[in-house]
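# Architecture and fold: a report
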Amino acid sequence: WQCVYVFWSVISPQLRSVSVDLNHDASLLIDIPDALCERDKVKFTVHTKTTLSSFQKPDFSVPRQHEDFIWLHDTLVETEDYAGLIIPPAPPKPDFDSPREKMHKLGEGEATMTKEEYTKMKQELEAEYLAVFKKTVQVHEIFLQRLSSHPVLSKDRNFQIFLEYDQDLSVRRKNAKEMFGGFFKNMVKSADEVLISGVKEVDDFFEQEKTFLLDYYSKIKDSTAKAEKMTRAHKNIADDYIHISATLNSLAADDMTANKKCTTWLLEGRVASDQDLKLTELLRYYMRDIQAAKDLLYRRARALADYENSNKALDKARLKSKDIPQAEEHQRQCLQKFDKLSESGKKELTSFKGRRVVAFRKNFIEMAELEIKHAKNSVTLLQGCIELLKSN
Amino acid sequence: MADTARDAPPEQTDFHELEDGEELFPEPATTQESQPASLAAEDISTNSNGPKQDSLFDDDPEDLFAEATEEVSLDSPERDVLLSDGPSPAITPITPPTSVITPRIGHTHDDMFTHSSFDEIEEEEGGDSFDIHISVSDPEKVGDGMNAYMAYKVTTKTSMSLFKRSEFAVKRRFSDFLGLHSKLASKYLHIGYIVPPAPEKSIVGMTKVKVGKEDQSSNEFVEKRRSALERYLMRTVKHPILLKDPDVLQFLESSELPRAVSTQALSSAGLLRMVNKAADAVNKMTIKMNESDAWFEEKQQHFENLDVQLRKLHTSVESLVCHRKELSVNTAQFAKSAAMLGNSEDHTALSRALSQLAEVEEKIDQLHQDQANADFYLFSELLGDYVRLLTAVKGVFDHRMKTWQKWQDSQMLLQKKREAEAKLQFTNKPDKLQQAKDEIKEEIEELEGKVQQGERDFEQISKTIRKEVSRFEKERVKDFKTIIIKYLESLVQTQQQLIKYWEAFLPEAKAIS
């Protein structure tokens, strides 16, 4: 499978962000203008334009790999100071398995198809590959843009390094892994799930948010899965149409069909990938975002639990009349941390809701408009075919 | 179950099995009964009952089975246990031999291959433009349990003088259709006419219906069958010769039809069928015809290619139907999921938009279902019909080969007899000589006649096939064009509905604030 070099900026900007237009603060503008696929690795070109003096240059680009993004995400998550913030979800790993497998199958089945069929199938696969590519670039770009538009996170030192450091980040990444140990992180997470449901909530706002987010998460997870199935079925139909149109064309030697000109079949594939981009990606993204919001709740719950424990410890210390000042200090710190988390958490969750609503609106509108556009195109093409056939 | 055992011979070979059926055909040809006041009689030439004449030539042992296999039906599972005269719920086997219209006087040597008589028929066609429409409707279950069957209403609307009335209806069951086909096949296939094959049997489908399963799949099955029967009849009457066949007319007009009785696989007729089939397979391999006419070779190749393409297309379309049904299911599931998400959403406007989205997707699901039906009934079934039709076409070419073989065989036999005659000249026994000479002379005369007949038969079948093929190709192109236009129009409709739905959703999406 050869490299696919994509000039991404050529692609309509409308398709580029699942989330809202995050690049409205001109002081720090980030985008991924192109990306390169080498074997299994995708190299993103991260381009920054900034008026901030904290950066060395006003306009610069660096190459980054997916693993660099993950490193950045993880360091942010592990930073205590950000415990009260919703850390934007990490972009998922680029997954070219599906089109690659299909390409392989196509190669094996080449002998059974006509040349035309094979060419069309190949084109469709290339389009699918391109779509996966578009999606992964989009999702990496959004991650960075979420950071750049966040008042606190945009100032993070590691974020700056990520954007600016013109050497390979892999050395840093290795160190980070040793420090944080992903395995431990996951264990803690599952413990949190129990915690969050168990802890007694004192604040109405958070009580409501907890209920809402837990329920919403399971629903949106389900919707994402169902939307994916719909898209897959659409793609299957598109593939069927390719086979059908190829066979009809070989029959057309009998002068029976003008279907050579009926490329309406191929539109089905376009519908499938646009639907995928708008609907499925939207749902998928927000599913992850809600997970990130849940993570915030977990952290707060943990802080609350810590605070409650510190209270108990203080009581014990008072009872034993031992180490009282340390216990008091510890309790004070826990309370402070918890309050800080609650305050920033409230802000984050409120703005999160607003962001979500705006994103859904934007994507629903775009999706409806695309569906209408495709359907209108189909109608025109089909009616052209019908006219052609009737006049023969 | 005895019924299923009888189903051994595959359906496609209906007509192959009966290709020598001229001998199997019953004797009503000789009953000389003519139906009073039958308009149909006047239009039909004396050859309408097909090639009876050959039975006068051939001492064919198959004649023995003439009665037993009179109305062969291969539709085992739907029939009552064979030959049971028991309480048959609807159709009773009263048969005025209405199939015989014209006495056959003076036609003892008139053979079915005479070109001129068919020309007559076609000329008569010119006077009566083709205007007939048949519909098959109102499937209704008759009887109970394993003896139950579906009865269909066959309505004919026509202005042709061939028929007694301009609009009439009869009740028929599936085996009646099969019976009609087997009669037509036995009369016309071996002389080169492309007889449209009857719809396929289905044990599973019918058993469900019998058992009384009122679910979607058995309803679909009945609808599929009804539609197939309708197409079958229309194709049959579109054929100018078949339209005028008395069996066809009887099928369409007679309020009661003699039951096409099935035969067990192990009966003499069943065995005969199997033997014939095996013999055919062998013959096909051994006949090496000297094709003097490139047209036939070309056409055969053409049909081979067409067959491959159509089968491929059929497979792709079946896959399309399957995937579209899948899409419909997935869309319905998504719609439900989106509705739940909408309920969970606490932002009012977004919540409403999500519910609207769910509704749109539900409507789209219905669209997908309708489209899948169109995919199937228009496109997929058309292809299936043509794949089966092509088998009939190929069969007709095979018959030509057999006819050629027969001619060649006669010729070789004649040659042998002539050699024998020559040898006789040198024999020593003078008293037996004259007798032997006379015998041989007789045989030679007979064989010369046969050879001439064989040649004529071969020429005739070749001519007929040429005409049939050209008619078939014209019909095919027309058929495909019509159906594809209909199919594309169904796609247009679906897309236009989609536009409506999404345009209705758009303001809802915009209303989110």
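Residues numbered from 1 in each chain as written. Chains lettered and ligands numbered in written order. Predicted model: local features only at pLDDT ≥ 70, side-chain atom pairs only at ≥ 80, totals over all residues. Heavy atoms only, no water.

As recorded in an unreviewed UniProt entry, chain B goes by Sorting nexin-2 and comes from Oreochromis niloticus. Within the UniProt record for chain B, the comment given under Sequence similarities (unreviewed entry) is "Belongs to the sorting nexin family." (UniProt positions renumbered as here; feature names shortened; annotations may be inferred.)

An unreviewed UniProt entry lists chain A under the name Sorting nexin, from Oreochromis niloticus. Annotation of chain A in UniProt includes, under Function (unreviewed entry), the sentence "Involved in several stages of intracellular trafficking." Annotation of chain A in UniProt includes, under Sequence similarities (unreviewed entry), the sentence "Belongs to the sorting nexin family."

### Structural notes on the overall build of chain A
Assigned secondary structure in chain A consists of nine helices and four strands. When the helices and strands of chain A are read in sequence order from the N terminus, they spell out β-β-β-β-α-α-α-α-α-α-α-α-α. Relative to its full complement of 392 residues, chain A shows a buried share of 54%. Taking the intrachain contacts of chain A between residues at least 6 apart in sequence as the baseline, contacts between residues at least 24 apart amount to 78%. Here chain A has roughly 18,900 Å² of accessible surface; of this, 54% comes from carbon and sulfur atoms. (Helix = DSSP H or I, 4+ residues; strand = E, 2+ residues; numbered from the N terminus. Buried < 20%, exposed > 50% of the residue type's maximum accessible area, 1.4 Å probe, protein only. Contact = heavy atoms within 4.5 Å. Areas by Shrake-Rupley, 256 points an atom, 1.4 Å probe, with all protein chains shown as cover.)

### Some thoughts on the nonpolar core
Nonpolar side chains tend toward joint burial in soluble globular proteins. Formed by 139 residues in total, the largest nonpolar core has its most connected members in Phe360 and Phe364 of chain A together with Leu252 and Trp502 of chain B. A total of 22 residues in this core trace back to one element, the largest contributor, which is helix α13 (residues 348–424) of chain B. Shared between two domains, this core takes at least three residues from each, and those domains are domain 1 (23–184) and domain 2 (185–391) of chain A. If we ignore the near neighbours within four places in the chain, the residues touching Phe360 of chain A are Tyr216, Ile220, Leu282, Leu283 and Tyr286 of chain A together with Leu350 and Leu354 of chain B. Listed in part, the 32 residues of the second largest apolar core include Ala35, Val42, Leu85 and Phe162 of chain A. (Core = buried A, V, L, I, M, F, W, Y, C linked by side-chain atoms within 4.5 Å. Domains from an automatic or database assignment.)

### Quick notes on the side chain of His314 of chain B
Residue and element names in this part refer to chain B. Counting through the fold element by element, His314 comes out in helix α12 (residues 294–344). In this structure His314 comes out as buried when scored by relative accessible area, which is 16%. Polar side-chain contacts of His314 include one of 3.3 Å to the backbone oxygen of Ser380. His314 has contacts with Ser380, Leu383 and Gly384, leaving out every residue within four places of it along the chain. (Polar contact = N/O pair within 3.5 Å; in protein donor to acceptor, adjacent residues only side chain to side chain.)

### Quick word on a negative patch on the surface
Side chains of Asp438, Glu439, Glu442, Glu445 and Glu446 of chain B sit close together on the surface and give a patch of like negative charge. Take Glu439 of chain B: its relative accessible area is 45%, and that puts it in the partly exposed class. (Patch = residues over 30% accessible without salt bridge, like charges linked within 9 Å, V, L, I, M, F, W, Y side chains within 5 Å. Salt bridge = Lys/Arg side-chain N within 4 Å of Asp/Glu carboxyl O. Lys, Arg positive; Asp, Glu negative; His and termini not counted. Charge placed at Lys NZ, Arg CZ, Asp CG, Glu CD.)

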